[in-house]
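# Examining the three-dimensional arrangement
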Amino acid sequence: TLFNRHSAMELKLDPWGAVHVDDYNKLFVEFGISNFDQILSKLEHPHPYMRRKIIFGHRGYESVLAAMQRHEPFAVMSGFMPSGRAHFGHMMVMNEIIWHQQQGGDAYAAVADMEAHSVRGVSWERCRSLGINEYILSLIALGFAPKEGSHIYFQSKNYPMRDLAFELGSEANFSEVSAIYGFSGETHISHMESVMAQSADILHPQLKQFGGPKPVVIPVGADQDPHIKLTRDPAYRMRKFLVELRTDLKAPFQSNGRCASYISIRGKAASPEQMQAAEAALKDLAVGKIKRYEEHLDLTDIQIKDGAGLAALLETIEGLIIKLETDQGHYGFMPPASLYHRFMTGLTGGKMSSSKPESHIALTEEPKEAGKKIMRAITGGRQSLAEQKKLGGEPEKCSIYEFLVFHLSDDDKELLELDAECRSGRRMCGTCKKDVAERIERFLTEHQQARKAAVDILPEFGIKL
Ligand code: TRP
């Protein structure tokens, strides 16, 4: 279908290697990433990336969706490694952050200078100038607003995050980290530390001082999924009390004769006395809540057979447990959610990459130069004009058409018409390229204007030039 492009290459998720994801469907099966379709149907005003299936997968986005719909606190967080120029691929992450901020979320953007320095050998000075000039200014120009609960930071300067990274280091051991990243005896310690920093980036919006715990979504390219996995697991392991639902045991809440579920509290790293106190407190809280359910809801809603009702009950209890944990001074982290988007194909075929200038258009690219790159780009056109008229073009293989779908057209109808015109052989690549080149020049001119204005906003994020 129109928005379901598959670029060819192997399936391997490697956050630092050359990554290509061939069959996105395999990600669902092999990596346990969930399909975004079910979420999409529940969003009233999805972002165009969602509508166009550019965002195709997620982990645990339900919690964020629920918070968004109930106007409860949630946050969005992602990071950028300052190792080269920011291009339209990075802009997708920026737009996703901004969209969630506009939906009412707290927003966090990290410049991953610790990662760039340790993994790519970028000097601290260069990290800083690339961070500001390539990423931060564009992020602000695109609409990232300075408001309470929104942060742009350099990893190396974020001490609550770094403290948390150290703490997380006690949860992850070498075998686990190497299994995910293929670390070996030669891997530098700072590289490993930067992995913990990324986990801490992801979790620190849930620290008490930032108003957590709360649902947090991390929009990333699918290649970053290993980081997400390496964060969800320890976050969950760090929980002191976990909810376990048993259907087979005599239930403490069965007195009303209807809710046949049994909630047991599994305690970790707590003394038996603490456990007992926690259990008692929880039961009080939970029973109180269930009484409120009786008042407002049909009790059949929390019958064990009713999936939705059960989920609500579990969520309630989960919330109570998190409160219990934080009251006792624990983190009580919720597993972070994530969103995955498709990669853009490079203008030269292959992957769009910061290190290959011809493959991408930078957000700071001279507009005329960008136009020229478009004119040289690989399209889905045929060998000759005659052939194209006869067979029609192949928009699904066209990097120019992709630019329209991803970034340069708000109008789904227009895209469908262009697609049809191209396929039927009525539209030639020259016309299309000229049109897209013009659009990109206009876009960049405006964006670069907005970047100039963004310089004045830097101090509001505590950044001095
Ligand atoms: N590793 C990411 C990259 O290479 C950057 C990053 C750092 C990040 N911290 C993060 C991404 C937290 C998402 C969330 O681009």
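Our subject is the structure that appears above.
The model shown is predicted, which means the values in this text are computed figures rather than measured ones.

### Overview of the overall build of the chain
Scanning the chain from N- to C-terminus turns up 18 helices and 11 strands. Counting every position in the chain, which comprises 465 residues, the buried fraction comes to 52%. Contacts in the chain between residues far apart in sequence, at least 24 positions, make up 73% of those at least 6 positions apart. Carbon and sulfur atoms make up 52% of the accessible area of the chain, which amounts to about 21300 Å² in all.

### Looking at the side chain of Arg59
Mapped onto the secondary structure, Arg59 falls in strand β2 (residues 55–59). Given a relative accessible area of 9%, Arg59 falls into the buried group. A polar side-chain atom of Arg59 sits 3.5 Å from the main-chain carbonyl oxygen of Gly32. Among the polar contacts made by the side chain of Arg59, one reaches the side chain of Asp225 at a distance of 2.8 Å. In contact with Arg59, not counting residues within four places along its chain, are Phe31, Gly32, Ile33, Asp225, Ile228, Lys229, Arg232, Ala337, Ser338 and Tyr340.

### Points about the sheet that holds strand β4 (residues 106–111)
Within the open sheet, the 7 strands sit side by side as β1-β2-β9-β6-β3-β4-β5. Their pairing is mixed. The two strands at the open ends of the sheet, each matched to only one other strand, are β1 (34–35) and β5 (150–154). Bridge count for strand β3 (residues 75–80) against strand β6 (residues 216–221) is 2 bridges, and the pairing is parallel. Considered in β6, the bridge of Ala75 is made with Val216.

### Considering helix α10 (residues 189–203)
For α10, which comprises 15 residues, the first-to-last C-alpha distance of 21 Å matches the rise-based estimate of 21 Å (1.5 Å per residue) to within 8%. A large share of α10 lies buried, amounting to 11 of its 15 residues. If you check which residues of α10 are buried, you get His191, Ser194, Val195, Met196, Ala197, Gln198, Ser199, Ala200, Asp201, Ile202 and Leu203.

### With respect to the site of the ligand
The environment of the ligand is formed by 14 residues, the closest being Gly79, Glu115, Gln198, Asp201 and Gln224. Glu115 places a side-chain nitrogen or oxygen 2.8 Å from a nitrogen atom of the ligand. Gln198 places a polar side-chain atom, nitrogen or oxygen, 2.8 Å from a nitrogen atom of the ligand. Listed by contribution, the elements that provide at least two residues to the shell around the ligand are β3, α10 and β6. For the shell around the ligand, the class distribution of residues is 6 nonpolar, 6 polar and 2 charged.

### Observations regarding the packing of aromatic side chains
As enumerated under the stated definition, the model contains 8 aromatic pairs in all. Judged by centre distance (5.8 Å) and plane angle (65°), the ring pair of Phe36 and Tyr61 falls under edge-to-face. In this pair, Phe36 is assigned in the loop between β1 and α2 (37–40) and Tyr61 in helix α4 (residues 61–70), connecting sequence segments 25 residues apart. Here Phe36 falls in the buried class, since its relative accessible area comes to 2%. Take Tyr61: its relative accessible area is 0%, and that puts it in the buried class. Centroid distance Phe144 to Phe461: 5.5 Å. Interplanar angle 50°. Geometry classified as tilted. Separated by 317 residues along the polypeptide, Phe144 in the loop between α7 (124–142) and β5 and Phe461 in the segment after α18 (429–454) bring together distant segments of the chain. Grouping residues by exposure puts Phe144 and Phe461 together as buried. Among the aromatic residues, ring-to-ring pairing joins Phe88, Phe403 and Phe443 into one connected group.

### Overview of a positive patch on the surface
Among the surface-exposed residues, Arg128, Lys157, Arg162 and Lys464 lie close enough to one another that they form a single positively charged patch. Summarising the element assignment, Lys157 is placed in the loop between β5 and α8 (159–168).

### Structural notes on unusual backbone geometry
The linkage connecting Gly212 with the following residue, Pro213, adopts the cis geometry, with an omega of -5°. The topology assignment puts Pro213 in the loop between α10 and β6. Residue Lys53 is not a glycine yet carries a positive backbone phi of 60°. Tracing the sequence through the fold places Lys53 in the loop between α3 (48–51) and β2. For His71, which is not glycine, the phi torsion reads 55° and is therefore positive. In this structure, His71 sits in the loop between α4 and β3. On the basis of relative accessibility, which here comes to 73%, the residue His71 falls in the exposed class.

### Side note on the packing of helix α9 (residues 174–181) against helix α11 (residues 225–237)
Two elements in contact, α9 and α11, have axes separated by 10 Å at closest approach and are oriented at 155°. In this view, α9 runs roughly antiparallel relative to α11, as classed from their interaxial angle. Crossing hand, α9 versus α11: right-handed. Between α9 and α11, the residues in contact are Glu176, Val177, Ile180 and Tyr181 and Pro226, His227, Leu230, Asp233 and Arg237, respectively.

### Description of the nonpolar core
Counting 66 residues, the largest nonpolar core has Tyr61 and Phe403 as its most contacted members. In terms of residues, this core owes the most to one element, helix α5 (residues 88–102), which gives 8 residues. Residues within four places of Phe403 in sequence aside, it is in contact with Phe88, Met344, Leu347, Met352, Ile361, Ile374, Leu408, Val436 and Ile440. Membership of the second largest hydrophobic core comes to 38 residues, among which are Met161, Leu168, Phe183 and Phe210.

### Some details on α18
The end-to-end C-alpha separation of α18 is 36 Å, in line with the 38 Å expected for 26 residues at 1.5 Å each. Where α18 is concerned, the buried positions are Cys432, Lys433, Val436, Ala437, Arg439, Ile440, Glu441, Leu444, His447, Gln448, Arg451 and Ala454. In this fold, the buried residues of α18 make contact with α5, α7, α14 (367–376), α16 (399–408) and α17 (412–423).

### Thoughts on the side chain of Asp201
Turning to its location among the elements, Asp201 is positioned in helix α10. Among buried charged residues, Asp201 stands out as having no salt bridge; its nearest opposite-charge side chain is Arg162, 9.5 Å away. When sequence neighbours within four positions are dropped, the list of residues in contact with Asp201 reads Met77, Ala110, Tyr153, Gln155 and Met161.

Definitions and limits used
Residues numbered from 1 in each chain as written. Predicted model: local features only at pLDDT ≥ 70, side-chain atom pairs only at ≥ 80, totals over all residues. Heavy atoms only, no water. Helix = DSSP H or I, 4+ residues; strand = E, 2+ residues; numbered from the N terminus. Buried < 20%, exposed > 50% of the residue type's maximum accessible area, 1.4 Å probe, protein only. Contact = heavy atoms within 4.5 Å. Areas by Shrake-Rupley, 256 points an atom, 1.4 Å probe, with all protein chains shown as cover. Polar contact = N/O pair within 3.5 Å; in protein donor to acceptor, adjacent residues only side chain to side chain. Pairing = 2+ DSSP bridges. Expected span 1.5 Å × (residues − 1). Near = heavy atom within 4 Å. Nonpolar A, V, L, I, M, F, W, Y, C, P; charged D, E, K, R; others polar. Phe/Tyr/Trp six-rings, centres within 6.5 Å; stacked < 30°, edge-to-face > 60°. Patch = residues over 30% accessible without salt bridge, like charges linked within 9 Å, V, L, I, M, F, W, Y side chains within 5 Å. Salt bridge = Lys/Arg side-chain N within 4 Å of Asp/Glu carboxyl O. Lys, Arg positive; Asp, Glu negative; His and termini not counted. Charge placed at Lys NZ, Arg CZ, Asp CG, Glu CD. Axes fitted to C-alpha atoms, helices over the stretch in contact; angles between N-to-C directions. Parallel < 35°, antiparallel > 145°, perpendicular 65-115°, else oblique. Left-handed = near helix turned anticlockwise from the far one by under 90°. Core = buried A, V, L, I, M, F, W, Y, C linked by side-chain atoms within 4.5 Å.

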